[in-house]
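Fold and geometry: a report
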Amino acid sequence: MKKMIGLSVLTIFLVGCTGNNGIINKDDHKVTSTPAETNEQVEEEVVEETPLVTEENVFTEGTIEQLVNPAYALSETYEPSDLVLVDLVSTQETYLRSEAYEALKELFEAANEEGLQLYAVSGYRSYAMQETLYNNYIFQHGQEEADRFSAKPGTSEHQTGLVMDVSSESAWFGLSESFEATPEGEFVKNNAHKYGFVVRYLKGKEDITGYMYEPWHIRYFGKELAQELYDSGLTYEEYLENNNISLTPVSEVK
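Now for a description of the structure that goes with this document. (Residues numbered from 1 in each chain as written. Predicted model: local features only at pLDDT ≥ 70, side-chain atom pairs only at ≥ 80, totals over all residues. Heavy atoms only, no water.)

**Considerations on the overall build of the protein**
Within the protein, the secondary structure is distributed over eight helices and eight strands. For the protein, the proportion of its 254 residues judged to be buried stands at 43%. For the protein, the accessible area works out to roughly 14300 Å², and carbon and sulfur atoms hold 48% of it. (Helix = DSSP H or I, 4+ residues; strand = E, 2+ residues; numbered from the N terminus. Buried < 20%, exposed > 50% of the residue type's maximum accessible area, 1.4 Å probe, protein only. Areas by Shrake-Rupley, 256 points an atom, 1.4 Å probe, with all protein chains shown as cover.)

Structure follows, in structure tokens:
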């Protein structure tokens, strides 16, 4: 991803509560059980919501919720075990994790129903492939410019197998900000979350994500988390901090 961004380590505080099933009989100054007619002990059912994101799933390699950015890199050897070939209209052969692929099919089908045709451009990239791309961009544009739009090896979300770059004929099948203004770009922006994807690198958030605005780069998080991210208007980094998952400054990351 781009320039190093300051991030923190998550601490979750759980607050528990206890109940008392006994009754204090003040007349004889001793604890007695519940009256015979209600002899059965009644326990209040406590339903705890499982949080969408936790310290473990945010920082564990291979989870759907994993954070990948300039400060949090994947290992050189990481490769998803459930990659499948994307059998959709594409500009090249590309792969996704199976769950993300099924969701992408739904997104493409929904676009088709609106008379729009999306194209899959670039999905999974290995560490080695990203290394080659990154070095080529440095050669062509210089280090500083390359860091604005290309991730260093290990810090690319594409290595998760949960990302697809999408385009359209109206955008000349390219990956540029012009995609935002196309009917297909508008559709992705307003509907991708319904199928578990979000536009990961938002406009005006470059200092937070470390990337320039990329309306074509959609990341799969699952429908529930994608909906929350979309409704909040936050980047994933901001969302984590708002949910008390703070990230360690880059200088402290080991």
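What follows continues from the structure just given.
**Section: helix α3 (residues 127-141)**
Taking 1.5 Å per residue, 15 residues should reach 21 Å; α3 reaches 21 Å between its end C-alpha atoms and fits that length. For α3, the set of buried residues is Y127, Q130 and Y134. Down the axis, α3 shows its buried residues gathered within 60° of arc, on one side only. Exposed and oriented more than 90 degrees from the buried face of α3 are F139 and Q140. Just downstream of α3, G142 is the residue with a positive phi angle, here 90°. (Expected span 1.5 Å × (residues − 1). Arc of directions from axis to C-beta.)

**Overview of the environment of L83**
Tracing the backbone through its elements, the reader meets L83 in strand β3 (residues 83-85). A relative accessible area of 23% places L83 in the partly exposed class. Counting along the chain gives 79 residues from L83 to L162, while the straight-line C-alpha distance between them is 9.6 Å.

**As for the side chain of R125**
Assignment of secondary structure puts R125 in the loop between β5 (119-122) and α3. For R125, a relative accessible area of 14% corresponds to the buried category. Side chain to side chain, R125 and S122 meet in a polar contact 3.1 Å long. (Polar contact = N/O pair within 3.5 Å; in protein donor to acceptor, adjacent residues only side chain to side chain.)

**Considering the nonpolar core**
Inside soluble globular proteins, nonpolar side chains tend to come together where they are buried. Counting 28 residues, the largest nonpolar core has L104, M164, V188 and I218 as the members making the most contacts within it. Of all elements in the fold, only α2 (98-113), β6 (163-167), α5 (183-191), β7 (197-201) and β8 (214-220) reach the threshold of two or more residues within this core. A per-element tally of this core places α2 first, with eight residues. When near neighbours in sequence (up to four residues on either side) are disregarded, M164 contacts V86, T94, L96, L104, A120, V121, S122, G123, W216, H217 and I218. Grouped together as the second largest cluster of nonpolar side chains are 15 residues, V198, F221, A226 and I245 included. (Core = buried A, V, L, I, M, F, W, Y, C linked by side-chain atoms within 4.5 Å. Contact = heavy atoms within 4.5 Å.)

**Remarks on the sheet that holds β7**
Strand order across the open sheet formed by four strands is β5-β6-β8-β7, with antiparallel pairing between neighbours. Looking at strand neighbours, the two that pair on one side only are β5 and β7, the edges of this open sheet. Here the average twist between neighbouring strands, direction ignored, is 45°. Pairing of β7 with β8 involves four bridges; the strand directions are antiparallel. If you follow Y201 over to β8, its bridge partner there is E214. Contacting β5, β6, β7 and β8, α2 crosses the sheet at an angle of about 130° to β8. (Pairing = 2+ DSSP bridges. Axes fitted to C-alpha atoms, helices over the stretch in contact; angles between N-to-C directions.)

**Some details on unusual backbone geometry**
You will see that W172, though not glycine, has its phi angle at about 60°, which is positive. Counting through the fold element by element, W172 comes out in the loop between β6 and α5. Given a relative accessible area of 76%, W172 falls into the exposed group. The phi torsion at N244 lies on the positive side, around 65°, for a residue other than glycine. If you trace the backbone, N244 turns up in the segment after α8 (236-242). The exposure class assigned to N244 is exposed, which follows from its relative accessible area of 55%.

**What about the packing of aromatic side chains?**
Inspection of every chain in the model, using the stated rule, returns six aromatic pairs. Ring centres of F59 and Y72 lie 5.2 Å apart, and the angle between their planes is 45°; this geometry places the pair in the tilted category. You can see F59 sitting in helix α1 (residues 55-59) and its partner Y72 sitting in the loop between α1 and β3, a full 13 residues away along the chain. With relative accessibility at 13%, the residue Y72 sits in the buried group. (Phe/Tyr/Trp six-rings, centres within 6.5 Å; stacked < 30°, edge-to-face > 60°.)

**So, a negative patch on the surface**
On the surface, E49, E224, E228 and D231 cluster together into a patch of negative charge. As for its placement among the helices and strands, E228 is situated in helix α7 (residues 223-232). For E228, a relative accessible area of 36% translates into the label partly exposed. (Patch = residues over 30% accessible without salt bridge, like charges linked within 9 Å, V, L, I, M, F, W, Y side chains within 5 Å. Salt bridge = Lys/Arg side-chain N within 4 Å of Asp/Glu carboxyl O. Lys, Arg positive; Asp, Glu negative; His and termini not counted. Charge placed at Lys NZ, Arg CZ, Asp CG, Glu CD.)

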